[in-house]
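Below, each chain spelled out in residue letters.
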Amino acid sequence: MEHDENHIMIIDEDGNEELCEILFTFESEEFGKAYVLYYPIGAEEDDEGEIEIHASSFLPGKEQGDLLPIESEAEWDLIEEMLETFLGEDEE
């Protein structure tokens, strides 16, 4: 992963690069990781006007590094809670 303040370059398994917009990042003391929520720039909205949001974990404090998969349901629950809070604040 390469990134600036608002964007990250995601490289998939096939070596294809995709520029993505960062929604937000946060750290979890409970899991000892940081998380990034993002979506591909130019992503199409679905029939309900929503864009698919991706989430990955990473090791905090590194400028560049690998994005890691979310490993547990507890982590997904935390991410969903943080996303709902973020979207709720954005609507206000």
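Source: prediction; values computed, not measured.

> Would you explain the pattern of salt bridges in this entry?
Where side chains of opposite charge bring their charged atoms close, a pairing between them can arise. Tallied over the full model, the rule gives two salt bridges. The salt bridge partner of Lys 33 is Glu 71, with a shortest N-O separation of 3.1 Å. You can see Lys 33 sitting in strand S4 (residues 33–40) and its partner Glu 71 sitting in the loop between strand S5 (54–58) and helix H1 (73–91), a full 38 residues away along the chain. A relative accessible area of 16% places Lys 33 in the buried class. Note on Glu 71: relative accessible area 62%, which makes it exposed. A cluster of three or more residues bridged by salt bridges with shared partners is formed by Lys 33, Glu 71 and Glu 75.

> Explanation requested: the packing of aromatic side chains in the structure shown.
Two descriptors summarise a pair of aromatic rings, namely the distance from one centre to the other and the angle between the planes of the rings. A complete count under the given rule lists three aromatic pairs for this structure. A centroid spacing of 5.2 Å and a plane angle of 25° characterise the contact between Phe 26 and Tyr 35, whose relative ring orientation is stacked. The pair formed by Phe 26 and Tyr 35 is uniform in burial state, with each residue classed as buried.

> What is the right way to look at the pairing of strand S3 (residues 17–28) in this model?
Successive residues of a regular strand alternate their side chains across the two faces of the sheet. Note: strand S2 (residues 7–11) against S3, five bridges, orientation antiparallel. Of the residues in S3, the one forming a bridge with His 7 is Glu 21. From the end of S2 to the start of S3, which pair antiparallel, there are five residues, and Gly 15 there has a positive phi angle of about 85°. Pairing of S3 with S4 involves eight bridges; the strand directions are antiparallel. Following the sheet pairing, Phe 26 is matched in S4 by Tyr 35. Here S3 folds back onto S4, and the loop between the two strands holds four residues, one of which, Gly 32, carries a positive phi near 65°.

What counts and what doesn't
- Residues numbered from 1 in each chain as written.
- Predicted model: local features only at pLDDT ≥ 70, side-chain atom pairs only at ≥ 80, totals over all residues.
- Heavy atoms only, no water.
- Salt bridge = Lys/Arg side-chain N within 4 Å of Asp/Glu carboxyl O.
- Helix = DSSP H or I, 4+ residues; strand = E, 2+ residues; numbered from the N terminus.
- Buried < 20%, exposed > 50% of the residue type's maximum accessible area, 1.4 Å probe, protein only.
- Phe/Tyr/Trp six-rings, centres within 6.5 Å; stacked < 30°, edge-to-face > 60°.
- Pairing = 2+ DSSP bridges.

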